[in-house]
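# Analysis of the macromolecular model
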Amino acid sequence: MIDIFIHGGPVMYPLLLCSIIVMTVIIERLIFWVSTDMKRNKPLVDEVLELCRLGDWESVRLKTKGSKDYVIRILIGGILHREFSMTKAMESAAAEEVKRMRKYMSVMDTMITVAPLLGILGTVIGIIASFEALGSAGVGEPQAVTAGIAQALITTAVGLGIAILSVFPYNYFHSRVVNAALTIEKYATSLEIVYEKLGHLDPEQQQGEQK
């Protein structure tokens, strides 16, 4: 590997940097999603919706205290602002959560684009070096151009390899964000429906629901 790196020429250094950045982002995002999955509490989400249906806001406050479930945080944001604009509050909270989920995704996207371009740059530099060697040594010594051709092939392969291996985790993380956004939308809509229905009940009916 060291020999390949050395024969790849100067472009191998930015390619190495790209690979380090990609691996760092992949590891960080994996840790993030594992942590997020561990904090999910779907039974509590369903219980919160049921308590909202009954209008028992104090129980909601007590049940959700200290919860780190992102869905719970968004629902609580809407509940706290239910007298003003529940929808806007949940949209704002959801935007913040999605922003956290998409963190460093643009970095991965950039590396997927830049790595093959760096590979092509290394190819061009290698071909230029080959022609210069060919012009100096003449056609009688073809081995003079092999170093430049090797450099061209190595950088191209490495650049494409980094991009190809980055696409799979990028698409996985992107799908996780999309699925999380759909989950948020599902529960936020459920809360809006429950609250709207609760608003149509008179105080006596609300007390009857709680009983």
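Reading the values: rules and limits
Residues numbered from 1 in each chain as written. Predicted model: local features only at pLDDT ≥ 70, side-chain atom pairs only at ≥ 80, totals over all residues. Heavy atoms only, no water. Helix = DSSP H or I, 4+ residues; strand = E, 2+ residues; numbered from the N terminus. Buried < 20%, exposed > 50% of the residue type's maximum accessible area, 1.4 Å probe, protein only. Contact = heavy atoms within 4.5 Å. Salt bridge = Lys/Arg side-chain N within 4 Å of Asp/Glu carboxyl O. Expected span 1.5 Å × (residues − 1). Arc of directions from axis to C-beta. Phe/Tyr/Trp six-rings, centres within 6.5 Å; stacked < 30°, edge-to-face > 60°. Lys NZ or Arg CZ within 6 Å of the ring centre and 35° of its normal. pLDDT = per-residue confidence, 0-100. Axes fitted to C-alpha atoms, helices over the stretch in contact; angles between N-to-C directions. Parallel < 35°, antiparallel > 145°, perpendicular 65-115°, else oblique. Left-handed = near helix turned anticlockwise from the far one by under 90°. Nonpolar A, V, L, I, M, F, W, Y, C, P; charged D, E, K, R; others polar. Patch = residues over 30% accessible without salt bridge, like charges linked within 9 Å, V, L, I, M, F, W, Y side chains within 5 Å. Areas by Shrake-Rupley, 256 points an atom, 1.4 Å probe, with all protein chains shown as cover.

Here the focus is the side chain of T123. Tracing the backbone shows T123 in helix α7 (residues 105-137). The exposure class of T123 is buried, given its relative accessible area of 18%. In this structure T123 touches A152, T155 and T156, once residues within four positions along its chain are discounted.

As for its placement among the helices and strands, W33 is situated in helix α2 (residues 12-39). A residue is classified by how much of its surface remains accessible, and W33, at 3% relative accessible area, is buried. When the C-alpha atoms of W33 and V177 are compared, they prove to be 9.8 Å apart, with 144 residues separating the residues in sequence.

On to the pattern of salt bridges, then. As enumerated under the stated definition, the model contains nine salt bridges in all. Between D46 and K42 there is a salt bridge, with its nearest N and O atoms 3.3 Å apart. Of this pair, D46 and K42 both sit in helix α3 (residues 42-54), four residues apart, which is roughly one turn of the helix. Looking at D46, the relative accessible area reads 36%, which means it is partly exposed. Beyond isolated ion pairs, a larger network of salt bridges with shared partners links R73, E97 and R100.

Bringing helix α6 (residues 86-101) into the picture now. One full turn of an α-helix is made of 3.6 residues, so residues set three or four places apart face in the same direction. Its 16 residues give α6 an end-to-end C-alpha distance of 23 Å, which sits within 8% of 22 Å, the value for a rise of 1.5 Å per residue. Turning to α6, its buried residues are M86, A89, M90, A94, E97 and M101. The arc enclosing the buried residues of α6, seen along the axis, measures out at 130 degrees, which places them on a common side. In α6, the exposed residues that point more than 90 degrees away from the buried face are K88 and K99.

The subject of this paragraph is the packing of aromatic side chains. Following the criterion strictly, the structure yields three aromatic pairs and no others. Positioned above the aromatic ring of F32, the side-chain terminus of R29 is 4.2 Å from the ring centre.

The next thing to look at is the confidence of the model for the protein. When pLDDT is averaged across the protein, the result is 84; 86% of the residues are at 70 or more. Mean pLDDT values for the elements of the protein range from 48 in helix α9 (residues 203-210) up to 94 in α2.

This part is about the packing of α3 against helix α5 (residues 70-80). Interhelical geometry of α3 versus α5 gives an angle of 15 degrees and a closest axis separation of 10 Å. Taken together, α3 and α5 sit at an angle that is classed as roughly parallel. Taken as a pair, α3 and α5 cross one another with a handedness that is left-handed. For the pair formed by α3 and α5, the contact residues are L44, V45, V48, L49 and C52 on the first element and V71, I72, L75 and I79 on the second. Class assignment for the residues of the contact of α3 with α5 results in nine nonpolar, no polar and no charged.

On to α3. Helix length check: α3, at 13 residues, gives a terminal C-alpha distance of 19 Å against a target of 18 Å (1.5 Å per residue), a fit within 8%. Within the sequence span of α3, burial applies to L44, V45, V48, L49, L51, C52 and L54. G55 sits one or two residues past α3 and shows a positive phi near 75 degrees.

All right, on to a nonpolar patch on the surface then. Among the surface-exposed residues, L117, I120, V124 and I128 lie close enough to one another that they form a single nonpolar patch of about 360 Å² accessible area. Residue position: I120 is located in helix α7.

Relative to the assigned elements, E97 resides in helix α6. When its relative accessible area of 7% is taken as the criterion, E97 is described as buried. Beyond its immediate chain neighbours, meaning those up to four positions away, E97 contacts Y70, R73 and I74.

Turning to the environment of E96, a few remarks are in order. With respect to the helices, strands and loops of the structure, E96 is situated in helix α6. Owing to a relative accessible area of 48%, E96 belongs among the partly exposed residues under this scheme. It is 9.4 Å that separates the C-alpha atoms of E96 and I74, two residues lying 22 residues apart in sequence.

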